Amino acid sequence: MKKRRWICLALTAALTIGMLAGCGQKKDLSDGGEKKKLQKVTLNEVAHSIFYAPMYVAIEEGYFREEGIDLTLVTGFGADKTVTAVLAGEADIGFMGSESTIYTKNGGAEDYLINFAQLTQRAGNFLVAREPIENFEWDMLKGKKVLGGRAGGMPEMVFEYILKQHNIDPTEDLSIDQSIDFGSTAAAFSGGQGDFTVEFEPHATALEQKGDGYVVASLGEESGYVPYTAFSAKKSYLEAHPDTVQAFVNALQRGMEKVSQSTPEEIAKMIAPQFPETDEAVLTAIVRRYVEQDTWKTDLIFSEDAFVLLQDILEEGGELTNRVAYEDLVNTEFAKKALER
């Protein structure tokens, strides 16, 4: 399986090089005068996306600094790179799809990654058609070509999971193009490839603005509550730095609460510095779309039901043969304590 292959590569890279330079773009988020007082933490995020708004609210509102964290944010540009960075010790904490922690554990890592906080509870991508479809039905995909995601990746597996829920065979009833790099499918769609495409924001809204496509369905709404992204760290890091992890989770929880108490317009203003290239009206529209589909949790507790559903999806996608116990890969102590502060 492709996923398992890149996990093996990640484990090998982590063991042989110890530290990978240039894995992503770094942003120093601390105030210079506070650096000596704060605990340094490097966070590697799988992508820089409006989908992760509560985390950026916590950054922009200064919650990490107030909790004693000097945070450096690194964009890994792929779960494989994020996993490798954490295993190699280049990053303290990884933020990505929690399926990666399952692959890492099954891949034989002794100091494996443990999930300690869940951020999103819905898929963040959307089905885009070439023309507006007022009453879209999933059967409309039969016989069509869809620009999908990488085989074994969470976006693609959730898409296929939805198809199966509607009695559509992903391999027989339609053609899914998985050959296009993540982030390039929107451009390919604009160039005439495919009848439909599965897109994250801001690409879905950008296609609508150009008149090249129209959002007809939310994968987040269709798939239900899925533990799409979570924060994880090596077992040894959680054991050695519990106070730092708790402070980190406290800051995240404050970001979650701020988002739940704010309007899309207010959220967009708070995270605007993270997305200087995106017009604020567009930013607001994207945030509103995520708010309306109940994308973000109000707490960071990764439930056992969510973990079971995740492994169900992985099994149906043919990416998991050995299930992992919830207690082995999920720690809810930090998230629960953050609610008590």
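Read on for an overview of the structure. Model, not experiment: these values are computed from the prediction. (Residues numbered from 1 in each chain as written. Predicted model: local features only at pLDDT ≥ 70, side-chain atom pairs only at ≥ 80, totals over all residues. Heavy atoms only, no water.)

### Looking at a negative patch on the surface
Turning to step 1, where the next piece is worked out: Among the surface-exposed residues, Glu 304, Asp 305, Glu 327 and Asp 328 lie close enough to one another that they form a single negatively charged patch.
Turning to step 2, where the next piece is worked out: When residues of the negative patch are traced back to their parent elements, those giving at least two are helix H14 (304-316) and helix H15 (326-329).
Turning to step 3, where the next piece is worked out: Looking at the element boundaries, Asp 305 is found in helix H14.
Turning to step 4, where the next piece is worked out: By relative accessible area, Asp 305 is classed as exposed at 66%. (Patch = residues over 30% accessible without salt bridge, like charges linked within 9 Å, V, L, I, M, F, W, Y side chains within 5 Å. Areas by Shrake-Rupley, 256 points an atom, 1.4 Å probe, with all protein chains shown as cover. Salt bridge = Lys/Arg side-chain N within 4 Å of Asp/Glu carboxyl O. Lys, Arg positive; Asp, Glu negative; His and termini not counted. Charge placed at Lys NZ, Arg CZ, Asp CG, Glu CD. Helix = DSSP H or I, 4+ residues; strand = E, 2+ residues; numbered from the N terminus. Buried < 20%, exposed > 50% of the residue type's maximum accessible area, 1.4 Å probe, protein only.)

### Description of the packing of helix H8 (residues 203-210) against helix H13 (residues 280-292)
Turning to step 1, where the next piece is worked out: Contact pair H8 / H13: the axes reach a minimum separation of 10 Å and the direction vectors enclose 125°. Considering their axes alone, H8 and H13 lie oblique with respect to each other. For the crossing formed where H8 meets H13, the hand is right-handed. Between H8 and H13, the residues in contact are Ala 204, Thr 205, Glu 208 and Gln 209 and Val 282, Ile 286 and Arg 289, respectively.
Turning to step 2, where the next piece is worked out: The class makeup of the residues in the contact of H8 with H13 is three nonpolar, two polar and two charged. (Axes fitted to C-alpha atoms, helices over the stretch in contact; angles between N-to-C directions. Parallel < 35°, antiparallel > 145°, perpendicular 65-115°, else oblique. Left-handed = near helix turned anticlockwise from the far one by under 90°. Contact = heavy atoms within 4.5 Å. Nonpolar A, V, L, I, M, F, W, Y, C, P; charged D, E, K, R; others polar.)

### Digging into the sheet that holds strand E6 (residues 125-129)
Turning to step 1, where the next piece is worked out: With mixed pairing, the five strands of this open sheet are ordered in space as E8-E7-E9-E6-E10. In this open sheet, the two strands that pair with only one neighbour each are strand E8 (175-177) and strand E10 (214-218). Averaged over all pairs of adjacent strands, the angle between strand axes in this sheet comes to 30°, irrespective of strand direction.
Turning to step 2, where the next piece is worked out: Helix-sheet contacts for helix H6 (residues 154-165) involve E6, strand E7 (145-147), E8 and strand E9 (196-200), and the interaxial angle to E8 is about 170°. (Pairing = 2+ DSSP bridges.)

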